[in-house]
Amino acid sequence: MSISLILERFREYLSEDNLKKLSVSQWKEIFSRELAEGHFTMTTYKLNPKYLFRSRLNQGSSDTNLASFNTVSQLWAPPFRKVYKAGRCNLAGQSMLYCSTDPVTTFFELSPKTGDIFTWIQFKCVDDLPDIGVIGVEDIMKVDDSYGNIFGDHLKEKKDQDQALDCILSTIFKIGKYAGKDSLHYNLTNAITQIILNKQKVKPDFGINLPPQNLGFVYPSVETRSPLGMNFVLHPIKAKKYLRPYRAYVMKIEKKHSANHYQAVYLRLSKNILADGSIHWERCYNTPIEYITDVKQEVNAP
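Predicted model, so just to flag it, every value in this text is computed and none were measured.

**Student:** Explain the overall build of the chain to me, and be specific about the residues and the numbers.
**Tutor:** If you tally the helices and strands in the chain, you get 10 helices and 11 strands. Scored against the burial criterion, the 302 residues of the chain give a buried share of 50%. Here the contacts in the chain between residues at least 6 apart in sequence split such that 71% fall between residues at least 24 apart. For the chain, the accessible area works out to roughly 14900 Å², and carbon and sulfur atoms hold 50% of it.

Structure follows, in structure tokens:
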């Protein structure tokens, strides 16, 4: 089958009308059929990024009233009972751990405003993360040369159709907030998530509680226009075996210059993190730090 025919077929699938009306199971049936026809590789990897990062906004915080997260559990994936709506890789009532290989990527994903205070936590990988799938191979390899050594052969033995579908899936996972249509895409991205995590095609007993066979997968960042790291989505119960809290920081956005340019300052850092997950904080006074994800765009901005 030609690449043009695949692209044409997926354009039909990805119409706004379908995005509005198709359920997770209907999307899953469509993509399972495509995967079954051999147009995508389900190869998984054993990865060790050394560290993974995760961020959360500190609600109700100010310079005089700093509402801190004081336990690691508050910075981990939320309990499934508190997941009230769907996310990019989770359905309502389904808890997944979202994190990144780069700390800056995690707070760009939060889309903070000037004055917002947030906490990011750094986890150390104590062992290789097994059974990790991948979406957007070519985009991820742009992040760092070392990823080419890991994923360089991912599509090497496959046909052009595999590259076309990988590009399509990467685009699907990157669109959303910029278009203001997150909710429309979530049924679609969750269908792909279920296929990858459960290594399954459509089954009569399809549901959100099927035990995952894969630990998770990686995909390109949604918010950073210039790639800084790759995002991980992991099954939170399985991930606890491989991740240990290492350190945490509280930061404030001093100035949001644009969607690609922030100025932030550190407010607190973890003095220590105890075995029971308690975080003991101490204040720090650092000079402001600039974070830019698209230098070219900033330079050319009016």
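**Student:** Can you lay out the pattern of salt bridges for me, pointing to particular residues and giving the numbers?
**Tutor:** Tallied over the entire structure, the rule returns one salt bridge. Lysine 113 is the salt-bridge partner of aspartate 116, the closest N and O atoms lying 3.6 Å from each other. When its relative accessible area of 17% is taken as the criterion, aspartate 116 is described as buried. On the basis of relative accessible area, lysine 113 is assigned to the exposed category, the value being 53%.

**Student:** Would you mind going over unusual backbone geometry in detail, with residue names and values included?
**Tutor:** Despite not being glycine, serine 111 shows a phi value in the positive range, around 50°. The topology assignment puts serine 111 in the loop between helix H4 (103-110) and strand S4 (117-125).

**Student:** So what's going on with the packing of aromatic side chains? Residues and values would help.
**Tutor:** One pass over the full model with this rule turns up 12 aromatic pairs. Ring centres of phenylalanine 108 and tyrosine 262 lie 4.8 Å apart, and the angle between their planes is 90°; on these two criteria the pair is classed as edge-to-face. Of this pair, phenylalanine 108 sits in helix H4 while tyrosine 262 is found in strand S9 (residues 261-273), placing the two residues 154 residues apart along the sequence. A relative accessible area of 2% means that tyrosine 262 is categorised as buried. Put simply, the rings of Phe53, Trp120, Tyr249 and Tyr266 pair up and form one aromatic cluster.

**Student:** Break down the environment of serine 55 for me, citing the residues and quoting the values.
**Tutor:** Topologically, serine 55 is positioned in strand S2 (residues 51-57). Classification of serine 55 by relative accessible area gives buried; the value is 10%. Sequence separation between serine 55 and leucine 75 is 20 residues, and the spatial gap between their C-alpha atoms is 7.3 Å. In this structure serine 55 touches Pro103, Thr106, Phe107, Leu110, Phe118, Thr119 and Trp120, once residues within four positions along its chain are discounted.

**Student:** So what's going on with the nonpolar core? Which residues, and what values?
**Tutor:** Counting 36 residues, the largest nonpolar core has Leu129, Phe151, Val218, Phe232, Leu234 and Leu243 as its most contacted members. Examining the composition of this core, we find that four residues originate from one element, S4, more than from any other. Leaving out residues up to four positions away in the same chain, phenylalanine 151 has contacts with Tyr45, Leu47, Val134, Val137, Ile140, Met141, Val218 and Met230. Judged by nonpolar contacts, the second largest core, of 25 residues, contains Tyr13, Leu22, Leu165 and Leu169.

**Student:** Before we move on, could you go through the side chain of threonine 193 and cite the residues and values that matter?
**Tutor:** With respect to the helices and strands, the residue threonine 193 is situated in helix H8 (residues 182-198). Accessibility expressed as a relative area gives 1% for threonine 193, which makes it buried.

**Student:** Pulling in residues and values, what's your account of the pairing of S4?
**Tutor:** Counting buried residues in S4 gives eight out of nine residues, a clear majority hidden from the surface. Alignment of S4 against strand S8 (residues 243-258), held across nine bridges, turns out to be antiparallel. Following the sheet pairing, lysine 124 is matched in S8 by arginine 244.

Definitions and cut-offs
- Residues numbered from 1 in each chain as written.
- Predicted model: local features only at pLDDT ≥ 70, side-chain atom pairs only at ≥ 80, totals over all residues.
- Heavy atoms only, no water.
- Helix = DSSP H or I, 4+ residues; strand = E, 2+ residues; numbered from the N terminus.
- Buried < 20%, exposed > 50% of the residue type's maximum accessible area, 1.4 Å probe, protein only.
- Contact = heavy atoms within 4.5 Å.
- Areas by Shrake-Rupley, 256 points an atom, 1.4 Å probe, with all protein chains shown as cover.
- Salt bridge = Lys/Arg side-chain N within 4 Å of Asp/Glu carboxyl O.
- Phe/Tyr/Trp six-rings, centres within 6.5 Å; stacked < 30°, edge-to-face > 60°.
- Core = buried A, V, L, I, M, F, W, Y, C linked by side-chain atoms within 4.5 Å.
- Pairing = 2+ DSSP bridges.

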